[in-house]
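One-letter residues, chain by chain:
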Amino acid sequence: MKILVLNGPNLNMLGIREPDIYGRKTYKDLVFTITDYCREKGVDVEVYQSNYEGKLVEKIQQAYGKFDGIVINPAAYTHTSVAILDALKAVGIRTVEVHISDVSAREDFRQISYVRLYAEKTISGLGFDGYLRAIDFLL
Ligand code: DQA
C-alpha cells in the first residue's frame, strides 16, 4: 500500500501558527508522527507540503499510477480550490480529507469544502490523529 500525504499552505508553520487552534507541535513532528505510524503498519508513505496550489495539483497528477491512496489537508485551499478537486477527480485515487481543527465549528467561509465533493471521508478536529485515522480508513 502506497499512500501520499499532502498538506497545503501554512501547515509548515505548525507550532508557531495560532497554537490555540492548531497546537504547539511542529510540521516536523507531524511528518514524524505519520512516517512512524506508517512504518509500524507497513505502509509506504510520502509526505509533501506546499504553499502553492499548482504544486499540489502537480503532485496529485504525478501520483497517478503510483499511489493507492491520498490523505490531503488542503488547508485554506479546501475552501477555494476547484483545481485541487479536479486534479483528484482526474487521477481517480481514493482520497481522505483531513483537518487538524474542527472546521465545522469555525467561520462560515470554512464550511465550504471542494475536496469533500470527491473525498470518501472527511476527518476534522482530531489534531494529528486525524491523519492516522485517515491512513487506517484507506487500509
Ligand atoms: C485547516 C483548516 C482550514 O480552514 C485552514 O485554512 C487551515 C488548516 C485545518 O487543518 O484545520 O489552514 O485545514
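Refer to the structure printed above.
Residues numbered from 1 in each chain as written. Predicted model: local features only at pLDDT ≥ 70, side-chain atom pairs only at ≥ 80, totals over all residues. Heavy atoms only, no water.

Visitor: Even after reading the chapter, I still don't get the site of the ligand, so can you show me in this structure?
Guide: Every residue lining the ligand is accounted for by Arg-17, Tyr-22, Asn-73, Ala-75, Ala-76, His-79, His-99, Ile-100, Ser-101, Val-103 and Arg-110. Between the ligand and the protein, one listed contact pairs an oxygen atom with a side-chain N or O atom of Ser-101 at 2.6 Å. A total of 320 Å² of accessible area belongs to the ligand in isolation, and the protein chains cover 99% of it. Counting atoms within 2 Å of the grid points, the majority share of the ligand lands in the largest cavity. (Near = heavy atom within 4 Å. Polar contact = N/O pair within 3.5 Å; in protein donor to acceptor, adjacent residues only side chain to side chain. Areas by Shrake-Rupley, 256 points an atom, 1.4 Å probe, with all protein chains shown as cover. 1 Å grid on protein atoms, 1.4 Å probe; cavity = no way out; pocket = protein on both sides within 12 Å on 5 of 7 lines; lining within 4 Å. Sits in = over half its atoms within 2 Å of the grid points.)

Visitor: Quick question: what am I supposed to make of the packing of aromatic side chains here?
Guide: Any two aromatic rings considered together are summarised by their centre-to-centre distance and by the angle between their planes. Under the criterion given, the structure shown has zero aromatic pairs. For the cation-ring pair, Lys-2 lies above Phe-67, with the distance from its terminal atom to the ring centre recorded as 4.9 Å. Here Lys-59 stacks its cationic end above the ring of Tyr-48, 4.8 Å away from the centre of that ring. (Phe/Tyr/Trp six-rings, centres within 6.5 Å; stacked < 30°, edge-to-face > 60°. Lys NZ or Arg CZ within 6 Å of the ring centre and 35° of its normal.)

Visitor: It is not clear to me how the environment of Thr-26 should be interpreted in this structure. Could you clarify?
Guide: Checked against the element boundaries, Thr-26 lands in the loop between α1 (19-22) and α2 (27-41). Expressed as a C-alpha distance, the spacing of Thr-26 and Thr-122, which sit 96 residues apart in the sequence, is 22 Å. (Helix = DSSP H or I, 4+ residues; strand = E, 2+ residues; numbered from the N terminus.)

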